[in-house]
Amino acid sequence: EANVLAVMDQLLEALAVAHAQGVWHRDIKPANLIVTRQGQVKLTDFGIARLEDANLTQVSSMIGTPAYMAPEQFTGVGIDHRADLFACGVLLYRMLTGRRAFTGATEQVMYKILHEHPPAPSVVTNGARPVAFDAIVARAIAKSPADRYPDAQALRAALQAIARGPAM
């Protein structure tokens, strides 16, 4: 759990910096994270990143890794930094449970992301993960961007509260 929290803390710190500059990564997934021998997390592959003020991508284009994409990336509506937070929630789910939140062929994954909620991490792990993670993951992967954390710092703070212990 300490490793999960350390990875997420560093990832969310990096995203907070990128988002503050108006850059959205749009492809947060395990393959785009490098963890050094010293435990430092490096976020890589900004190849499909989007600048907030740039109209470089058609609204209807679908860019990213389907199992980590936010619902709005599938529906063709405009996206913002909260698409990265959704992907962070999916990544957190995978690190906590050892399995993907949304599985299947691309069409199945898309349907699940748009219409279904995965079982809570504490349920998948038979109580091996604290219930406190359930609400954090659920909010991070909320279907509507408005229901997610407002920014990377807010998600980071929620995870830091778990790291501090049973004060929740």
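Everything quoted here is computed from the prediction, not taken from an experiment. (Residues numbered from 1 in each chain as written. Predicted model: local features only at pLDDT ≥ 70, side-chain atom pairs only at ≥ 80, totals over all residues. Heavy atoms only, no water.)

**Observations concerning the nonpolar core**
Here is step 1: In terms of nonpolar packing, the biggest core is built from 42 residues, with Met-8, Leu-11, Leu-155 and Leu-159 touching the most fellow members.
Here is step 2: Mapped by element, the contributors of at least two residues to this core are helix H1 (2-20), strand S3 (41-43), helix H3 (82-97), helix H4 (106-115), helix H6 (132-140) and helix H7 (152-164).
Here is step 3: The element contributing the most residues to this core is H3, with 10 residues.
Here is step 4: Excluding residues within four positions of it along the chain, Leu-159 makes contact with Leu-5, Met-8, Leu-12, Leu-92, Phe-133 and Ile-136. (Core = buried A, V, L, I, M, F, W, Y, C linked by side-chain atoms within 4.5 Å. Buried < 20%, exposed > 50% of the residue type's maximum accessible area, 1.4 Å probe, protein only. Helix = DSSP H or I, 4+ residues; strand = E, 2+ residues; numbered from the N terminus. Contact = heavy atoms within 4.5 Å.)

**Considering the confidence of the model for the chain**
Here is step 1: Within the chain, residue pLDDT values average 89, and 88% of them lie at 70 or more.
Here is step 2: Here residues 54-61 is a poorly scored stretch, pLDDT under 50, and it has eight contacts once near neighbours within four places are set aside; other chains count. (pLDDT = per-residue confidence, 0-100.)

**Some details on H3**
Here is step 1: Across its 16 residues, H3 extends 22 Å between first and last C-alpha, which sits within 8% of the 22 Å expected from 1.5 Å per residue.
Here is step 2: Looking one or two residues beyond H3, the residue adopting positive phi is Gly-98, at roughly 80 degrees. (Expected span 1.5 Å × (residues − 1).)

**Considerations on the pattern of salt bridges**
Here is step 1: All chains considered together, the criterion is met by six salt bridges.
Here is step 2: One salt bridge in this structure joins Glu-1 and Arg-129, with 3.4 Å as the shortest N-O distance. On the criterion of sequence distance, the pair formed by Glu-1 in the segment before H1 and Arg-129 in the loop between helix H5 (121-124) and H6 is long-range, its members being 128 residues apart.
Here is step 3: Accessibility expressed as a relative area gives 37% for Glu-1, which makes it partly exposed.
Here is step 4: Relative accessible area serves as the criterion here: at 18%, Arg-129 is assigned to the buried category.
Here is step 5: Close ionic contact of Asp-27 with Lys-29 constitutes a salt bridge, the shortest N to O distance being 3.5 Å. Across the pair, exposure class does not vary: Asp-27 and Lys-29 are buried alike.
Here is step 6: One connected set of salt bridges, linked through shared partners, spans Asp-9, Glu-13 and Arg-156. (Salt bridge = Lys/Arg side-chain N within 4 Å of Asp/Glu carboxyl O.)

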